[in-house]
Number of protein chains: 2
Amino acid sequence: MGKFLLNRVRVLLWVVRGVRFLNTTGFMAEKDKMMTVQILKGQIVHAPDSNRLDILENGFLVSVDGKIEGVFDILPQQYQSVDVSDYGDCLIMPSFADTHMHAPQYAMLGMGMDLPLLDWLDTYTFKTEAAFKDKDYARCVYRRLAREMIDNGTTRVCAFSSLHRKSTMVLMEEFEKAGMTGYVGKVNMDRNSGDVLTETTQESIRETEQWLEESSGRFKHIKPILTPRFTPTCSNELMAFLGRLAQERHLPVQSHLSENIAEIAWVKELHPDCSQYWESYKKYGLFNDRTVMAHCVHCDERERNAIKENGVWVAHCPDSNINLVSGTAPVRKMMKEGLRVTLGSDIAGGALLAMNQVVTAAIRASKAKCIETNRSDDFLTVTEAFYLGTTAGAKFFGGGDGFAKGNELHAIVVDDASFPPSAKKLSVKERFERALYLMHKDDIVAVFSNGRQVKSLKKPF
Amino acid sequence: MGKFLLNRVRVLLWVVRGVRFLNTTGFMAEKDKMMTVQILKGQIVHAPDSNRLDILENGFLVSVDGKIEGVFDILPQQYQSVDVSDYGDCLIMPSFADTHMHAPQYAMLGMGMDLPLLDWLDTYTFKTEAAFKDKDYARCVYRRLAREMIDNGTTRVCAFSSLHRKSTMVLMEEFEKAGMTGYVGKVNMDRNSGDVLTETTQESIRETEQWLEESSGRFKHIKPILTPRFTPTCSNELMAFLGRLAQERHLPVQSHLSENIAEIAWVKELHPDCSQYWESYKKYGLFNDRTVMAHCVHCDERERNAIKENGVWVAHCPDSNINLVSGTAPVRKMMKEGLRVTLGSDIAGGALLAMNQVVTAAIRASKAKCIETNRSDDFLTVTEAFYLGTTAGAKFFGGGDGFAKGNELHAIVVDDASFPPSAKKLSVKERFERALYLMHKDDIVAVFSNGRQVKSLKKPF
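Residues numbered from 1 in each chain as written. Chains lettered and ligands numbered in written order. Predicted model: local features only at pLDDT ≥ 70, side-chain atom pairs only at ≥ 80, totals over all residues. Heavy atoms only, no water.

Secondary structure summary: chain A contains 13 helices and 20 strands in total. Computed over C-alpha atoms, the radius of gyration of chain A comes to 22 Å, within 12% of the 23 Å expected from 2.2 N^0.38 for 461 residues, which places it in the range of a compact globule. Seen through its C-alpha atoms, chain A measures out along the principal axes to roughly 65 × 50 × 40 Å. Expressed as a percentage of its 461 residues, the buried residues of chain A come to 67%. Across chain A, contacts joining residues at least 24 apart in sequence account for 73% of those joining residues at least 6 apart. Carbon and sulfur atoms form 48% of the exposed surface of chain A, whose accessible area is close to 16300 Å². Considering chain A, the positive charge centre built from 57 side chains and the negative charge centre built from 58 side chains are found 5 Å apart. (Helix = DSSP H or I, 4+ residues; strand = E, 2+ residues; numbered from the N terminus. Rg over C-alpha atoms; globule rule 2.2 N^0.38 Å. Buried < 20%, exposed > 50% of the residue type's maximum accessible area, 1.4 Å probe, protein only. Contact = heavy atoms within 4.5 Å. Areas by Shrake-Rupley, 256 points an atom, 1.4 Å probe, with all protein chains shown as cover. Lys, Arg positive; Asp, Glu negative; His and termini not counted. Charge placed at Lys NZ, Arg CZ, Asp CG, Glu CD.)

Listed below in structure tokens is the structure:
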């Protein structure tokens, strides 16, 4: 490749689809093809597997056309004329993937925390979401949300919108503009949703079809995901429609499963033919390897086995489960059994949008579980929880193991210079662990999403 | 009082003992006595009792010579010529009291989280504290710590230093300079402390006496507190010495109680004459109404009763208890039984220095307890947890109920303008709850400690 190197240009502004992404890039040409090469240098930390933390001090993370070529301790010869974005002693790690969150609930973050799930839905959530009928208001909230997520180092997301088609389009637009990648779903809910936030079955079907049509091919990085809110709010007819749609168009699906004891009993009443909650999705074709199910707090062995057998993804939402007193999910057990567990902020049941805080919340929740089970369930190590919030989540979006070759470049650069002074020189592993616990968005000085630089607080050397 | 009003002056810098406190104050004179009057205007929120949240919209918080005169909806006539510090729509609430923390462990905040208590002490903590032999390093860490605490709205503290006398003096100096109030203790530990951090019994006694002499009368706002680290690290002779000292000089005491199952078993071995852990303090006169005991996670009914009967204060440290997998303290039960429960960050077992985060950690830990006990222990409401972090803690330092008349002025001003946009106008109560969950130090725009303004990010109108 090196011998075809023709030119290198330092560009500061790279204009893509009307959005300016700050960038420091070199161009290379191989035969007739121009390539964009990015080289980040720093203290590289990633978790290719749940119990493996790979650290390369003063390493080079090389990507070509947004795809990772590799992590190198010495820069390969063919890249030696390309400008290096040298972040010095900063930590470079994969950005976070948030696999479950309710975008409109950003407006009520940190409120209603004295209420359990079903009361909280009636008192706060449905009213908050109803306001998203107004798409100008939606734009105001979603623009802030998208910026806040990028600033906090989340570049992959699987988000619930509200039931409103137009505001769902606004959410997709704002995520795309900010540089996010992932899925957004117009919520379907045609029963048991209170007066302020419901649609008829026919409206739900019609609006879903129109939304899919409008969003088709419109966004490069944000795609639609079918989103039956949860079994109690979707009639059988609606579920059947969504199942057909998922199959016909090969669409992914997101919903909730076994979050709360009262909810599970309710599903049982609504679907007496189903012996377990998951079957109410399965029977409509909504429970497969393109499905991500949030929570799974109270899944017993049989339900966990069904999740595994069907290749369903679990979005563990530790802060939400504690805040709403839903329970403590058996995360360690699910991982051990081979389920594909990922992490969700679940705002606003969760009050933490920043995924590094969700990672530490997962550790804390697993420690609560460890205490609760008299230590029969072991707690998550720092590496395991970090893996869940990065690599494990990225895989739902088609990503690979950490910074493995072929992965799209999703990364953050963390400057920990403002953290408390230590008497001895800390190892990169210690600094990494501390960063997960302490970092604030201001410490995340650069963010890369699918190869594009979408945040820049600090220029590299 | 009004008729004696002679003069009013707006001062921006008020120089006290070499430290500049930003201030906006009026001076009034009554007969021959000059008084300093401060009036803060805003959305006033405080919790005089554990189940009572008092809110006064657009209220006036008036203090004279640093002591609160009252909270008024209309400014009393005698103050009408005094300049008002109008914080507009900002929230004004009591500042936080942190009743248990290890100042030197600030240097290891957020590290070592995969280890349980006793291993964590050996691997991280003792080594970290050993570095405080160097008082220049201590100054560097303690200056940052003090600033960070004030910036996060903590104005009252009960802190463990290390065993080093000189660095303990440095901590007292830095707390005093930053505008903190409260207690600092030179740690006593003459056994079971590893090679790097131990003192002989005679050294411990001599250094403690010298420290008390050196600090006597030297600080206005920071006072000494006797600090046997915990029973396993203090010989009987040392405990007996500290008990005598506490009695002779009427000194307060801080230590640890029933944090961890292994620790409790160890105390039982070391003191076979004591049927319970607390008795190992009681027999030396270290368990009375000037004692604050951290954790109390595993206290059964008899031990809780002893705490109550002896008037001992409990410093509940929710984040530490989870991080070190110590257990979930029965906080709600202790409060119901009439124990005097307060909140501690317990850095660096706790990874959260900001006390608003410790308040929400207490809610979360109580919810984990609620789950663990199959809902027989109810969780803490937002008001209850806020009370623990403000009024309940303040009482250990001689404070009263919230912003009650006669209390020293300890307050923070929170600007929540950068929080997510809501569709409807939020009530002050909702904003208060959200602030507890979301606020970052940058949102705390002013801090008052014992009447002095010690932080100012925003000028009042």
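The rest of the description comes next.
Note: strand β5 (residues 52-64) of chain B against strand β6 (residues 67-72) of chain B, 5 bridges, orientation antiparallel. Its bridge partner being in β6 of chain B, Val64 of chain B is matched across the sheet by Lys67 of chain B. (Pairing = 2+ DSSP bridges.)

This part covers unusual backbone geometry. Here the amide bond leading from Ile347 of chain A into Ala348 of chain A is cis, since omega sits at 5 degrees, within 30 degrees of zero. Examined against the element boundaries, Ala348 of chain A turns out to sit in the loop between β17 (340-343) and α11 (355-372). Positive phi, normally seen in glycine, also occurs at Ser258 of chain A, with a value near 45 degrees. Judged by relative accessible area, which is 1%, Ser258 of chain A ranks as buried. Backbone geometry at Asp346 of chain B places phi at a positive 45 degrees, although glycine is not the residue there.

Mapping chain B onto chain A calls for a rotation angle of 180 degrees and an axial translation of 0.0 Å; the resulting RMSD is 0.0 Å. The relationship between the two copies is best expressed as a two-fold rotation axis. Considering only C-alpha atoms, the residue of chain B closest to the rotation axis is Glu372 of chain B, which sits at 2.5 Å. The residues that chain B uses at the interface reappear at the interface of chain A in 100% of cases, marking a shared surface. (Least-squares fit on C-alpha atoms with pLDDT ≥ 70 in both.)

This part covers the interface of chain B and chain A. With 49 residues of chain B at the interface, the matching set in chain A holds 49 residues. Interface of chain B and chain A: buried area, both sides summed, is about 4100 Å²; carbon and sulfur atoms make up 60% of it. Summed over the shared surface of chain B and chain A, the result is 2 salt bridges. Taking the shortest distance from any N to any O, the salt bridge between Arg364 of chain B and Asp319 of chain A comes out at 2.7 Å. Our count for the contact surface shared by chain B and chain A stands at 25 residue pairs in polar contact (both at pLDDT 80 or more). Listed by contribution, the elements that provide at least two residues to the side of chain B that touches chain A are α2 (135-151), α9 (318-323), α11 (355-372) and α13 (428-438) of chain B. (Buried area = accessible area lost by both parts, 1.4 Å probe. Salt bridge = Lys/Arg side-chain N within 4 Å of Asp/Glu carboxyl O. Polar contact = N/O pair within 3.5 Å; in protein donor to acceptor, adjacent residues only side chain to side chain.)

For the rest of this paragraph, the subject is the pattern of salt bridges. Under the counting rule described, the total for this entry stands at 54 salt bridges over all chains. A salt bridge links Glu174 of chain B to Arg143 of chain B; its shortest N-O distance comes to 3.0 Å. Here Glu174 of chain B is found in helix α3 (residues 165-178), whereas its partner Arg143 of chain B is found in helix α2, with 31 residues between them in sequence. The partly exposed category is assigned to Arg143 of chain B, whose relative accessible area is 44%. With a closest N to O distance of 3.0 Å, Glu199 of chain B and Lys186 of chain B form a salt bridge. Of the two residues, Glu199 of chain B is situated in the loop between β11 (187-188) and α4 (201-215) and Lys186 of chain B in the loop between β10 (181-185) and β11; the sequence distance between them amounts to 13 residues. For the pair formed by Glu199 of chain B and Lys186 of chain B, the shared burial category is buried. Here the salt bridges do not stand alone but share partners, grouping Arg139, Arg143, Glu173, Glu174, Lys177 and Arg218 of chain A into one network.

Before going further, it helps to examine the side chain of Thr390 of chain B. Along the chain, Thr390 of chain B turns up in helix α12 (residues 382-396). Residues in contact with Thr390 of chain B, not counting those within four places in the same chain, are Pro94, Ser95, Phe96 and Ala97 of chain B.

Turning our eyes to something else, we now look at the sheet that holds strand β14 (residues 253-257) of chain A. Residues and elements named next belong to chain A. Here 4 strands make up an open sheet; going across it, the order is β14-β15-β16-β17 and the pairing parallel. Since the sheet does not close on itself, it has two edges, and those belong to β14 and β17, each with one partner. With direction set aside, neighbouring strand axes in the sheet form an average angle of 30 degrees. Note that β14 and strand β15 (residues 291-295) share 5 bridges and pair parallel. Bridging from a neighbouring strand, Val253 pairs with Thr291 of β15. Helix α12 (residues 382-396) contacts β15, β16 (313-316) and β17 of the sheet and is inclined by roughly 110 degrees relative to β17. (Axes fitted to C-alpha atoms, helices over the stretch in contact; angles between N-to-C directions.)

With that out of the way, let us pick up the packing of aromatic side chains. Applying the stated criterion to the full structure yields 20 aromatic pairs over all chains. Geometrically, the ring pair formed by Trp278 of chain A and Phe287 of chain A is tilted, given 5.6 Å between the ring centres and 35 degrees between the ring planes. Cluster of aromatic residues (ring-pair linked, three or more members): Tyr183, Trp313, Phe396 and Phe397 of chain A. The cationic tip of Lys367 of chain B hangs over the ring face of Phe379 of chain B; the distance from NZ or CZ to the ring centre is 5.0 Å. (Phe/Tyr/Trp six-rings, centres within 6.5 Å; stacked < 30°, edge-to-face > 60°. Lys NZ or Arg CZ within 6 Å of the ring centre and 35° of its normal.)

Before going further, it helps to examine the sheet that holds strand β8 (residues 96-102) of chain B. Residues and elements named next belong to chain B. In spatial order, the strands read β8-β9-β10-β12; together these 4 strands make up an open sheet with parallel pairing. Unpaired on one side and paired on the other, β8 and β12 (222-224) mark the two borders of the sheet. Across the sheet, the mean angle from the axis of one strand to that of its neighbour is 20 degrees, orientation sign disregarded. Relative to strand β9 (residues 154-160), β8 runs parallel, the two sharing 5 bridges.

It is worth spelling out the packing of α4 of chain B against helix α5 (residues 236-249) of chain B at this point. Any two packed helices are characterised by how steeply their axes cross, that is the angle between the axes, and by the distance between the axes. Residue and element names in this part refer to chain B. In contact at an axis separation of 9 Å, α4 and α5 are set at 20 degrees when each is read in the N-to-C sense. On the basis of their axis angle, the class for α4 and α5 is roughly parallel. Crossing geometry of α4 relative to α5 is assigned as right-handed. Seen from α4, the contacting residues are Thr201, Gln202, Ser204, Ile205, Thr208, Glu209 and Leu212; seen from α5, they are Glu237, Leu238, Phe241, Leu242, Leu245 and Arg249. (Parallel < 35°, antiparallel > 145°, perpendicular 65-115°, else oblique. Left-handed = near helix turned anticlockwise from the far one by under 90°.)

Right, let's get into the side chain of Glu263 of chain B. Residues and elements named next belong to chain B. Relative to the helices and strands, Glu263 resides in helix α6 (residues 261-270). One buried charged side chain, Glu263, makes no salt bridge at all; its nearest oppositely charged neighbour is Arg229, positioned 9.6 Å away. Side-chain polar atoms of Glu263 contact the backbone nitrogen of Asn260, separated by 2.9 Å. Here Tyr277 takes part through its side chain, which lies 2.7 Å from a polar atom of the side chain of Glu263. Sequence-distant contacts of Glu263, that is, excluding residues within four places in its chain, are made with Leu118, Phe230, His256, Ser258 and Tyr277.

Residues and elements named next belong to chain A. Under the domain assignment, chain A is made up of domain 1 (12-95 + 402-456) and domain 2 (96-378). In this structure, domain 1 and domain 2 have C-alpha centres spaced 30 Å apart. Between domain 1 and domain 2, the residue contacts involve 22 residues of the former and 26 residues of the latter. Linking domain 1 with domain 2 are 1 salt bridge. Applying the counting rule to domain 1 against domain 2 returns 11 residue pairs in polar contact (both at pLDDT 80 or more). Elements represented by at least two residues in the side of domain 1 that touches domain 2 include exactly β2 (19-22), α13 (428-438), β19 (444-449) and β20 (452-456). With 4 residues, the top contributor of residues to the side of domain 1 that touches domain 2 is β19. Tallied by class, the residues present in the side of domain 1 that touches domain 2 amount to 12 nonpolar, 5 polar and 5 charged. (Domains from an automatic or database assignment. Nonpolar A, V, L, I, M, F, W, Y, C, P; charged D, E, K, R; others polar.)

Residues and elements named next belong to chain B. A rise of 1.5 Å per residue sets the reference length of α2, with its 17 residues, at 24 Å; its end C-alpha atoms lie 24 Å apart and thus fit the reference within 8%. Those residues of α2 hidden inside the fold are in contact with β8, β9, α3, β19 (444-449) and β20 (452-456). Two to three positions downstream of the cap, the backbone nitrogen of Asp136 sits 2.9 Å from a side-chain oxygen, assigning the N-cap of α2 to Asp134. (Expected span 1.5 Å × (residues − 1).)

All names here are of chain B. Relative orientation of the contacting elements α2 and α3 amounts to 30 degrees, with a least axis distance of 9 Å. With respect to α3, the axis of α2 lies roughly parallel. α3 is crossed by α2, and the crossing has right-handed handedness. Contact with α2, carried on its side by Lys135, Ala138, Arg139, Tyr142, Arg143, Leu145, Ala146, Arg147, Met149 and Ile150, involves Lys166, Ser167, Val170, Leu171, Glu173, Glu174, Phe175, Lys177 and Ala178 of α3 and no other residues of that element. Split by residue class, the contact of α2 with α3 holds 10 nonpolar, 1 polar and 8 charged.

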